[in-house]
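Fold and contact review
Given next are the chains, with one letter for each unit.
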Amino acid sequence: MPDGQVTANLAVTLRAHRLGKRAVLQFDSFDAEPKRVFAKLRPISNTSGRRAYERHVALFERLRGAVELPRPLGFDPNYGAASFSALPGISPTFEGSEPALIAQALRRLQRVPDLPVEHHTVTDELTILRAWCDRIHEVFPDRTDRFAEAFDLVRDDLHRLPHMPPVPCHRDFHEGQILVDGNSIGLLDFDTLRLSDPALDVGNLIAHLRLAGIRSGRRRLGAEAAIITAMDPIPANRILTWTRAALLRLAAIYSFTSERRATLRSLMEDVIWPDEGF
């Protein structure tokens, strides 16, 4: 069915697609009570889809009433399809009380006990970053030295962090995964949920805010500071270290897009010469 085609009282829209990995479909019904449902499809050749759905169900039950998550509606193994209800809300502006509310939702996620998920360690994170740096070396050899310097700095600083107990982490936490509905915060897409460092998610969010600020020419320094303050007692320097790791990954990822070179340079400068004042 073509994207956006309406059949009888149902419209189907392809919302996201990663070749060979997953697709996200949006279903809108136009019956007496209009309803929107999302279906996430994965290859039926493995169990990753079912396992991700089961993690979401476990998290949904434990966060009920504390943070809004899409309601799990079922999993069809014949199609590798997990279905979820739509959440109300709009994208965050990071103005007013929103940064504190988002940080509060993140802290509630971190307090969820006994989740059936694997660990994501500093070694795992560095393996991902190293793979991206290797791709840079293969395709953009003129950028190899800068990425190698940045990787070494991030690696050393991550290894210097004192131990903190791992907590549930989204691991792909950015503005696109957040919905604001009044004073209620909704969170989306927990495919990469793991137990990891308490500063990982907030660092990733701030890195994406930095990217948005570089693109727009308007840094959200007030929002960054408000989020970091609300994440106390996680130390600000720990958050900065994970922010730099996320910035390095973003610089590598967007090197393979039409992103402006000036944006990429700014991301790398924030990795190598970070502003520790926040």
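All values derive from a computational prediction rather than experimental measurement.

Conventions used here
Residues numbered from 1 in each chain as written. Predicted model: local features only at pLDDT ≥ 70, side-chain atom pairs only at ≥ 80, totals over all residues. Heavy atoms only, no water. Helix = DSSP H or I, 4+ residues; strand = E, 2+ residues; numbered from the N terminus. Rg over C-alpha atoms; globule rule 2.2 N^0.38 Å. Buried < 20%, exposed > 50% of the residue type's maximum accessible area, 1.4 Å probe, protein only. Contact = heavy atoms within 4.5 Å. Areas by Shrake-Rupley, 256 points an atom, 1.4 Å probe, with all protein chains shown as cover. Expected span 1.5 Å × (residues − 1). Core = buried A, V, L, I, M, F, W, Y, C linked by side-chain atoms within 4.5 Å. Salt bridge = Lys/Arg side-chain N within 4 Å of Asp/Glu carboxyl O.

**Considering the overall build of the protein chain**
Summing up its helical and strand segments, the protein chain has eight helices and ten strands in all. A compact globule built from 278 residues would reach a C-alpha radius of gyration of about 19 Å, and the protein chain, at 20 Å, matches this within 12%. Judged by the C-alpha coordinates and their principal axes, the protein chain covers about 55 × 40 × 35 Å. Across the 278 residues of the protein chain, 46% fall into the buried class. Contacts spanning at least 24 positions in sequence make up 65% of the contacts within the protein chain whose residues lie at least 6 apart. Total accessible area on the protein chain is roughly 14,100 Å²; 52% of this is exposed by carbon and sulfur atoms.

**Regarding helix α8 (residues 261-272)**
Across its twelve residues, α8 extends 16 Å between first and last C-alpha, which sits within 8% of the 16 Å expected from 1.5 Å per residue. Residues Thr263, Leu264, Leu267, Met268, Asp270, Val271 and Ile272 constitute the buried set of α8. Where α8 is buried, its residues touch α4 (144-160), α5 (200-216) and α7 (236-254).

**A few points about the nonpolar core**
Within the largest apolar cluster, 64 residues are counted, with the highest numbers of intra-cluster contacts made by Leu59, Phe147, Ile178, Ile185, Met231, Ile239 and Leu248. Per element, the largest residue contribution to this core is nine residues, and it comes from α7. Excluding anything up to four places from it in sequence, isoleucine 239 contacts Ala199, Val202, Gly203, Ile206, Ile228, Met231 and Ile234.

**Quick notes on the pattern of salt bridges**
Tallied over the full model, the rule gives 21 salt bridges. Among the salt bridges present, the one from arginine 42 reaches aspartate 191, with a minimum N-O distance of 2.3 Å. With arginine 42 in the loop between β4 (35-41) and α1 (48-63) and aspartate 191 in the loop between β9 (184-187) and β10 (194-196), this pair connects stretches of sequence that are 149 residues apart. Exposure remark for aspartate 191: the relative accessible area of 19% places this residue in the buried category. The closest approach of N and O atoms between arginine 215 and glutamate 259, which form a salt bridge, is 2.6 Å. Of the two residues, arginine 215 is situated in helix α5 and glutamate 259 in the loop between α7 and α8; the sequence distance between them amounts to 44 residues. On the accessibility criterion, arginine 215 (42% relative accessible area) is partly exposed.

**Observations concerning α1**
If you check α1, its first and last C-alpha atoms are 22 Å apart, about what 16 residues at 1.5 Å a residue would give, namely 22 Å. Taken as a whole, α1 has its buried residues at Gly49, Ala52, Tyr53, Arg55, His56, Ala58, Leu59, Phe60 and Leu63. Against β5 (72-76), β6 (81-85), α2 (98-110) and β10 lie the buried residues of α1. With its phi angle positive at about 85°, glycine 65 sits one or two positions after the end of α1.

**Considering the environment of arginine 51**
The topology assignment puts arginine 51 in helix α1. Exposure remark for arginine 51: the relative accessible area of 40% places this residue in the partly exposed category. Separated by 193 residues in sequence, arginine 51 and arginine 244 have C-alpha atoms that sit 30 Å apart.

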